[in-house]
Amino acid sequence: MHDLSDCFVSCSSRPLVLGEVEIITAAPQGRHPSPRALRQACCRRAVLPSGLWPSPGSGILASFIYFIFRVSLSHPGWSTVVQSQLTAASASWVQAILPLGLLCSWDYRHLPSCLANFCIFVEMGFHHVGQAGLELLTSDLGASPGRRSGSSQPEAHPCPARASQASTEAPEQEQQRRQAPGDFTMWTGWWLWPLVAMCTADFFRDEAERIMRDTPVIDGHNDLPWQLLDMFNNRLQDERANLSTLAGTHTNIPKLRAGFVGGQFWSVYTPCDTQNKDTVRRTLEQIDVVQRMCQMYPDTFLCVTSSEGIRNAFREGKVASLIGVEGGHSIDSSLGVLRALYQLGMRYLTLTHSCNTPWADNWLVDTGDSDAHSQGLSSFGQRVVKELNRLGVMIDLAHVSVATMKSALRLSRAPVIFSHSSAYSLCTSRRNVPDDVLQLVKESESLVMVNFYNNYVSCTNKATLFQVADHLDHIKKVAGAGAVGFGGDFDGVSRLPEGLEDVSKYPDLVAELLRRNWTEAEVRGALAGNLLRVFEAVEKVRDLTQAPEEEPIPLDELEGSCRTRYGYSSGAPSLYRRQGFLLASLAPLLLCLWLL
C-alpha cells in the first residue's frame, strides 16, 4: 500500500474549484490530513436555488432504489438479470455514486458540493483500500465502454503524482485487481456511505456548536412561566416542578444547556379574558415566578435588565433571564402601571395579545375577527410608545395589526422587535410580518425573531426545521441579516416543526443556516448580536431625566363595569356611591308600593 499524502498533496494542495465550490486543503509531506481538516476542506458548500432542492420524497425513493439495487447484486437470481443489463463498470459507477446522490436528496445537500466531496472521498478511500482498490474504482468510473471491453490503451490516472507508479505495477497485481471487481465495488459502496455521512452531517453541527459556545442563542419568547402556573399554580417547590427534571414541557434546564440557550426573554403572559378584571394581579404573579426561578436556580439563571447584564451572564455561563410582558392589557391602560412594571424588570412590552386594548388594535383586525377600534394606535397608544422609549423598554409588535405595526415603527425613536413572528410571504397568517413592513424593519434597523409554531411556519399543522430556515432566509433577503433573530415560542404552542421539538434543537437549526451559506458573522448576529444591537439602541434612547407621560386615557375609552372614576373629575362619585344613590332614590317608591 502506498502512502496517501503524495497523491493528496499533488491533487488537493491547490484550490479545487467545482462549480461554486472551492476546496482548499493542505497536508504536510508524509502526513495524512486529519479528519477535521478533511471535513473543513470538503464541506464548504455552494447553495442551489431553493426551487432545485430535492424533495423528501426523492430521498425516500432513492433509498428504495438503492436498497433494491444492493439486494439485486447479492441475490443469485437477480444478480444474473442485473449483470446482464449492466457491465461491471457501470455497476461500479452506481455503487459509488448512488450513496452520494442518496444523501444529497435525503438530507437536502447541494449537488456541487456533493461532487466535490466525492473527489475527496476517493482520495480518502485510497488510504484505506490501497492503490489497487483506488485505481480499480477510478478506472471503472472513468473508462469508456470500449476501453473496458479489451482495449490495451493505458488509462490516465487522476493524480499526476501517481501516474508513474501506476504504470510500473507488476502484471500479477493488475490481474489480481481485476479478478473480483464486484467484491471491491460492493465494499466501496459501504465505506463511501459513512464517509459521506461523516462529512456532510457532522461538520455543520460541529461548526454550529463551536459558534454557539462563544455566542449562545438569545430566544425572544418562551412561555415556561405560564406552564408553571398551569401545571403547578406557580408552586416551584413542588418536586414535579423541579426545572432540572421537569417533564412534559419544551423547556427544562438540561434542554436549555443542550440547546446552547444563553439568553431568554421569559413571557409574562395573562390571557385576554383577564382584561378589565385581574390582569395586573396576574401579571405581577408571573413576574414573581421568573424572579423566583433565578433565586431557586442561581447556577443556571441570572435575572438581568440590560444588554450588559446579558453579556455578563454569557461570561458566567448562565442563562440571562429577562422579562417580556406579552399583552398591553397587562398595564390596564395605565402609564403608572407601565412604569411600575419597568421597575420590576419588564424590558419589552407586546402592545397587544390576540385582543384589542382600548388604545391598540390586534392582528385579528386584519382577519376580520375583531373590529378596529384605534386604527392602529390611539392618541393614548402613542403616549404608551413614547413612554416605552423614555424608559428604555423595547416595543414588541408580535400579535398587533398591520396598522399598529406601521404606526409604532414610524413613531418609535428606537428600533422595535417582533418577539415571535414569521414571514407573511411564506405563510399567509396575519400573525406574520408582510414584506412592506419588513422594509420598515430594515429602515429602522429593527428585528424579527422567527416563531416556530407550525401554523405560522407552514400554515398547516405540520412543518419542518427546513421551513423555519426558509423564513429566516426570507427575512434576511428582504430586511437584511441584521433583522433576523429567534423567537421559538416554546411552551406557548401545541405544535412544533419536525427537528425543532424543544429548546435543545437550536444547534440543528444553526447548522442548517451554515449549510445554506450563512456566514459566521450572520449566524452570530441572528443568535445574539442583532438583539443586543437593538437593546443597546433602545438603551441609548432612554432618558429617565425627561418628564414622564402623565396624561391618562380618557374615561370614555375605558371598558369594564368594575372601574371607579377617582381622579377623572373633582368629587366624582364612585361606581358604588352611584349605586347607593340609585337605591336611596328608589326607596320611597318601594315603600309606597308596599303600603298599597
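Everything quoted here is computed from the prediction, not taken from an experiment.

Undergrad: Would you take a moment to explain the confidence of the model for the protein for this structure?
TA: Detailed reading of the predicted coordinates is not advisable wherever pLDDT falls low. Summing up the model confidence of the protein, the mean pLDDT is 78 and the portion of residues at 70 or higher is 62%. Low confidence marks residues 1-60, where pLDDT is under 50. Its contacts with residues over four positions away, or in another chain, come to 129 contacts. Here residues 571-578 is modelled with pLDDT under 50, and outside its nearest four sequence neighbours on either side it reaches nine contacts, counting other chains as well.

Undergrad: Is there a simple way to think about the pairing of strand 3 (residues 217-222) in this case?
TA: Along a regular strand, successive side chains alternate from one face of the sheet to the other. Extensive coverage of strand 3 is indicated by the burial of six of its six residues. Examined bridge by bridge, strand 3 and strand 4 (residues 261-269) share four bridges and lie parallel to one another. Across the sheet, the residue bridging to N222 is W266, located in strand 4.

Undergrad: Looking at this model, I keep getting lost on unusual backbone geometry. Mind explaining?
TA: With the exception of glycine, the majority of residues adopt a negative phi angle, and the majority of peptide bonds are in the trans configuration. Residues other than glycine seldom take positive phi values, yet D332 does so here, at roughly 50 degrees. As for its placement among the helices and strands, D332 is situated in the loop between strand 6 (319-326) and helix 15 (335-343). With relative accessibility at 26%, the residue D332 sits in the partly exposed group. At D491, a residue that is not glycine, the phi angle is positive and equals roughly 65 degrees. By the secondary structure assignment, D491 is in the loop between strand 11 (484-486) and helix 22 (506-515).

Undergrad: I keep staring at the side chain of N432 and nothing clicks. Help me out?
TA: Relative to the assigned elements, N432 resides in the loop between strand 9 (417-418) and helix 19 (435-444). Within the structure, N432 has its side chain in polar contact with the backbone nitrogen of S422 (distance 3.1 Å).

Undergrad: I keep staring at the nonpolar core and nothing clicks. Help me out?
TA: Burial of nonpolar side chains together is a common tendency in soluble globular proteins. In this structure, F301, L351, L397, F452 and F486 are the most contacted members of the largest nonpolar core, which totals 97 residues. Sort the elements by how many residues they give to this core and helix 21 (residues 465-479) lands first, with seven residues. Apart from residues lying up to four places away in sequence, F301 is in contact with L243, I253, L256, W266, M293, C294, K318, V319 and S321. Core analysis: the next-biggest nonpolar cluster, separate from the first, contains 20 residues, V304, M394, L447 and L532 among them.

Cut-offs used in this document
- All residue numbers refer to position in the chain's written sequence, counted from 1.
- Whole-chain, interface and lining totals are the exception, using all residues; otherwise, since this is a predicted model, local features are given only for residues with pLDDT of at least 70 and side-chain atom pairs are given and counted only at 80 or more.
- The side-chain values count all of the structure's non-hydrogen atoms but skip hydrogen atoms and water molecules.
- pLDDT expresses how confident the predictor is about each individual residue, on a scale running from 0 to 100.
- By definition in these notes, contact holds between two residues if any of their heavy atoms fall within 4.5 Å.
- Relative accessibility thresholds used throughout: buried, under 20% of the residue-type maximum; exposed, over 50%; partly exposed, between the two (1.4 Å probe, protein chains only).
- Secondary structure follows DSSP: runs of H or I at least 4 residues long count as helices, runs of E at least 2 residues long count as strands, and numbering of each begins at the N terminus.
- Strand pairing is assigned whenever DSSP detects at least two bridges linking the two strands.
- Whenever a nitrogen or oxygen atom comes within 3.5 Å of another N or O atom, the pair is scored as a polar contact, on the condition that within protein one atom can donate a hydrogen and the other can accept it, and that pairs from neighbouring residues in sequence are kept only if both atoms are in side chains.
- By nonpolar core we mean a set of buried residues, namely Ala, Val, Leu, Ile, Met, Phe, Trp, Tyr and Cys, connected to one another through side-chain atoms within 4.5 Å.

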